[in-house]
Amino acid sequence: MIAITDQPIDHARLTDRVRSTRAGAVCTFLGTTREVTGDRRTDHLDYEAYAGMAEKTLGDLEAEARERWALVDVAIEHRVGRVELGEISVVVAVSAPHRKQAFEACQWLMDTIKEVVPIWKKETWADGSEEWVHPGLDPTPDPPRVDRPTARPAGGVASGRRSGRLEG
Amino acid sequence: MLVKIRLFAVARQRLGSPEVGVELPEPATVATLRTAVAEQHPALAALMPGMMVAVEGEYAAEDREIRAGQEVALIPPVSGGAVHDRRAAGNR
């Protein structure tokens, strides 16, 4: 089960959804908005999705996980729009006969979601500045939004900074 | 041919629009499209080397042909990051 929503996510509902008498293990991961990253403080996050492709990609990942592990059920839900501190931005719930399968599949799904699913995160810091999180892309804080020629060389510079990642 | 390209996140913000038109020679590929976007929309030029291109909702390799009427999108790196190789390899 795959969903992208602009409403708060009910993680207990998703966990219950994958529970089964065929499963001896249920593993649920929650990605939540962390307030402090290094020496910076987050005010809130905004997520933007390429909805059609994101749903399709999530469905492909669920299918691949079911091939790689003997799973009973899978539920994945991702939030878009504004997400406040402490709120849940993503849930991955997996049930399986045994815990090893549930742990492994849950971790693989979450790691891979963050690598390939076209959903992007914008940090709004406590000082009011905004920053799209695009690792490897020119990390310079975004200039005013109107079209404007840029003199920066192509390619950008990877900063290695990982601001505001989902996981706590 | 004129191809409409969907923009997201930093690319959408820099151009101030969720969609942009690009004139492409025919036949066109993902590589052709990269060059055309950089030339015709200087605000996106610096971003292009880091972008993936999706055609019909799938990550597309550089040699994939682009035809009129297809859904094309620029995909900035997502927050897990640094896996362009994996994504491109998946569609070869």
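See the structure shown above.
Only a predicted model underlies this, so the values are computations on that prediction, with no experimental measurement involved. Numbering of residues starts from 1 in each chain and follows the order in which that chain's sequence is written. Written order determines the labels here, with chains lettered from A and ligands numbered from 1. Local features are withheld for residues below a pLDDT of 70 in this predicted model, meaning they are given only at 70 or higher, and side-chain atom pairs are given and counted only at 80 or more; totals for whole chains, interfaces and linings count all residues. Side-chain numbers here rest on the full set of heavy atoms in the structure, without hydrogens or water.

Quick word on the packing of helix 2 (residues 51-68) of chain A against helix 3 (residues 99-116) of chain A
All names here are of chain A. An axis is simply a line fitted to the C-alpha atoms; with a helix, the fit covers only the stretch in contact. Between two such axes, the angle follows the N-to-C directions and lies from 0 to 180 degrees. Secondary structure elements follow DSSP: runs of H or I of four or more residues count as helices, runs of E of two or more count as strands, with numbering from the N terminus. With their axes 11 Å apart at the nearest point, helix 2 and helix 3 run at an angle of 150° to one another. The angle between the axes of helix 2 and helix 3 places the two elements in the roughly antiparallel class. Helix 3 is crossed by helix 2, and the crossing has right-handed handedness. Of the residues in helix 3, those in contact with Thr-57, Leu-58, Leu-61, Glu-62, Glu-64, Ala-65 and Arg-68 of helix 2 are Trp-108, Leu-109, Thr-112, Ile-113 and Val-116. Put simply, Ala, Val, Leu, Ile, Met, Phe, Trp, Tyr, Cys and Pro go in the nonpolar bin, Asp, Glu, Lys and Arg in the charged bin, and everything else, Gly too, in the polar bin. A breakdown of the residues in the contact of helix 2 with helix 3 according to their chemical character gives 7 nonpolar, 2 polar and 3 charged. Put simply, angles under 35 degrees are roughly parallel, angles over 145 are roughly antiparallel, angles from 65 to 115 are roughly perpendicular, and the rest are oblique. For a crossing to be left-handed, the near helix must be turned anticlockwise from the far one by less than a right angle; the clockwise case is right-handed. Contact criterion: two residues are considered in contact whenever any of their non-hydrogen atoms come within 4.5 Å of each other.

Side note on the sheet that holds strand 4 (residues 52-55) of chain B
Residues and elements named next belong to chain B. The mixed open sheet is built from 5 strands, whose spatial order is 2-1-7-4-5. The open sheet has two free edges, formed respectively by strand 2 (19-23) and strand 5 (58-59), since each of these has just one partner strand. In this sheet, strand 7 (residues 72-75) lies alongside strand 4 in antiparallel orientation, the contact comprising 4 bridges. The residue of strand 7 that forms the bridge with Val-53 is Leu-74. Being paired, for any two strands, means DSSP has found at least two bridges between them.

Comments concerning the packing of aromatic side chains
We call Phe, Tyr and Trp rings a pair once their centres come within 6.5 Å, taking the six-membered ring for Trp, and we label the pair stacked below 30 degrees between planes, edge-to-face above 60, and tilted otherwise. Within this structure, the stated rule accounts for 3 aromatic pairs over all chains. Between the aromatic rings of Tyr50(A) and Phe8(B), the centroid separation amounts to 4.7 Å while the plane-to-plane angle is 25°, which identifies the pairing as stacked. Of this pair, Tyr50(A) sits in the loop between strand 4 (40-49) and helix 2 while Phe8(B) is found in the loop between strand 1 (2-6) and helix 1 (9-15), placing the two residues in two different chains. The rule is simple: take the accessible area with a 1.4 Å probe, protein chains only, and divide by the maximum for that residue type; under 20% is buried, over 50% is exposed, in between is partly exposed. Accessibility expressed as a relative area gives 5% for Phe8(B), which makes it buried. Here the aromatic rings of Trp120(A) and Phe8(B) are separated by 5.1 Å at their centres, their planes lie at 20°, and the arrangement is stacked. Pair noted here: Trp120(A) is in strand 8 (residues 119-125) and Phe8(B) is in the loop between strand 1 and helix 1, and the two residues belong to different chains. The same class applies to Trp120(A) as to Phe8(B), namely buried. Taken together, the aromatic side chains of Tyr50(A), Trp120(A) and Phe8(B) make up a single cluster linked through ring pairs. Definition used: whenever NZ (Lys) or CZ (Arg) falls within 6 Å of the ring centre and also within 35 degrees of the ring normal, the charge is taken to sit over that ring. Above the face of the Trp125(A) ring, Arg40(A) is positioned so that its terminal group lies 4.1 Å from the ring centre.

So, the pairing of strand 4 of chain B
Residues and elements named next belong to chain B. Side-chain alternation along strand 4 places Met-52 and Ala-54 on one buried face and Val-53 and Val-55 on a second face that is also buried. Here strand 4 runs beside strand 5; their pairing, made up of 2 bridges, is antiparallel. Looking at strand 5, one finds that Ala-54 is bridged to Tyr-59. In this structure, the hairpin formed by strand 4 and strand 5 is closed by a connection of 2 residues, where Glu-56 is found at a positive phi of approximately 55°.

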